[in-house]
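Each chain, letter by letter, is given below.
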Amino acid sequence: MTPSHIDHLVITAADLATGQQWLEQRLGATMQAGGEHPLMGTHNLLLSLGPDCYLEVIACSPTLPSPLRPRWFDLDHLPENALPSLTTWVARTENIEEIAGAASEQLGPVEAMFRGNLNWQITLPEDGSLPLAGTAPALIQWPKDQHPATKLNDQGLRLEQLELCHPQPAQLGSLLTSLNLTGPVKITQCQTAKLVAHIRTPGGLCSL
């Protein structure tokens, strides 16, 4: 079966400037412009985690009209005073229909999305919710030779481990197996689901 890999991490914020400041202070790096997602009413900033992995800060855009459907990553339910947080992650595959069909959990239908002249396919729950409270990834498929990370400045940051903590770790483990996921992922058990990204920076290891 086609494998899947960690593609990017998703940090949600009440507004983009707050998310940018929060992340840059912790990682000692400078984020780069992403763009707007007209179908979702959101915009983002990006940060390289290597040649094929990155991190995004995403928020509702004040200049775009509200979408005709719920926004992704549960952004419609984010309080105005919410602190930025690592909310979920995205796994990349070269055959999204196959991997989504094999998933042991419902990750949402595969939909077409775009930002500027960049187009991709992604799984999106129709209600905008986060499967398994964000510990389950969205699936994404990029056009060949169009991965966003290739256009980002490499500032020496690398994802060393993505820790997924969930009350039912076996359920999460079964999902990742069904996705044929490869990469530095660790599953732990806890009462409340959460994600922790351990990122190596030029100044040392940082955990988000």
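Attention here is on the structure that accompanies the text. (Residues numbered from 1 in each chain as written. Predicted model: local features only at pLDDT ≥ 70, side-chain atom pairs only at ≥ 80, totals over all residues. Heavy atoms only, no water.)

**Notes on the overall build of the chain**
Consideration 1: Scanning the chain from terminus to terminus reveals 3 helices and 13 strands.
Consideration 2: If one aligns the C-alpha atoms of the chain with their principal axes, the spans along those axes are about 40 × 40 × 35 Å.
Consideration 3: Going through the 208 residues of the chain one by one, you find that 50% of them count as buried.
Consideration 4: Within the chain, residue pairs in contact and separated by at least 24 positions form 71% of the contacts whose partners lie at least 6 positions apart. (Helix = DSSP H or I, 4+ residues; strand = E, 2+ residues; numbered from the N terminus. Buried < 20%, exposed > 50% of the residue type's maximum accessible area, 1.4 Å probe, protein only. Contact = heavy atoms within 4.5 Å.)

**A short note on the packing of aromatic side chains**
Consideration 1: Considering all chains together, one arrives at 2 aromatic pairs under this definition.
Consideration 2: Seen from their ring centres, Trp72 and Phe73 are 5.2 Å apart, and the 15 degrees between their planes marks the pair as stacked.
Consideration 3: Centroid distance Trp120 to Trp142: 5.1 Å. Interplanar angle 50 degrees. Geometry classified as tilted. Taken together, the residues Trp120 in strand S7 (residues 118-123) and Trp142 in the loop between strand S8 (138-141) and strand S9 (158-166) connect sequence positions 22 residues apart. (Phe/Tyr/Trp six-rings, centres within 6.5 Å; stacked < 30°, edge-to-face > 60°.)

**Digging into the state of the cysteines**
Consideration 1: As enumerated under the stated definition, the model contains 1 disulfide in all.
Consideration 2: The disulfide that involves Cys165 links it to Cys190, with 2.0 Å between the sulfurs. In this pair, Cys165 is assigned in strand S9 and Cys190 in the loop between strand S11 (185-189) and strand S12 (194-201), connecting sequence segments 25 residues apart. When sorted by exposure, Cys165 lands in the same class as Cys190, which is buried.
Consideration 3: Just so you know, Cys53 is unpaired, no disulfide at all, and the nearest cysteine sulfur is the one on Cys206, 15 Å from it. (Disulfide = S-S within 2.5 Å.)

**Some words on the layout of surface pockets**
Consideration 1: Roughly 260 Å³ of internal volume is contained in the largest pocket.
Consideration 2: Arg92, Thr93, Glu94, Trp142 and Lys144 are the residues nearest the centre of the largest pocket, which is lined by 13 residues in total.
Consideration 3: Class assignment of the residues belonging to the lining of the largest pocket gives a composition of 3 nonpolar, 6 polar and 4 charged.
Consideration 4: Size it by volume and the second largest pocket reaches roughly 150 Å³.
Consideration 5: For the second largest pocket, the full set of lining residues is Ala33, Gly34, Leu46, Arg115, Asn117, Leu118, Gln146, His147, Pro148, Lys151 and Leu152.
Consideration 6: Here the residues of the lining of the second largest pocket sort into 5 nonpolar, 4 polar and 2 charged. (1 Å grid on protein atoms, 1.4 Å probe; cavity = no way out; pocket = protein on both sides within 12 Å on 5 of 7 lines; lining within 4 Å. Points joined across faces, edges and corners; volume = space filled by probe spheres on them. Nonpolar A, V, L, I, M, F, W, Y, C, P; charged D, E, K, R; others polar.)

**Some thoughts on helix H1 (residues 16-27)**
Consideration 1: Over its 12 residues, H1 extends 16 Å from the first C-alpha to the last, a length consistent with the 16 Å expected when each residue adds 1.5 Å.
Consideration 2: Taken residue by residue, H1 has Leu16, Gly19, Trp22, Leu23 and Leu27 as its buried positions. Along H1, the residues classed as buried sweep out an arc of 135 degrees about the axis, all on the same side. More than 90 degrees from the buried face of H1, the exposed residues found are Ala17 and Gln25. (Expected span 1.5 Å × (residues − 1). Arc of directions from axis to C-beta.)

All quantities given are derived from atomic positions and should not be read as evidence of function.
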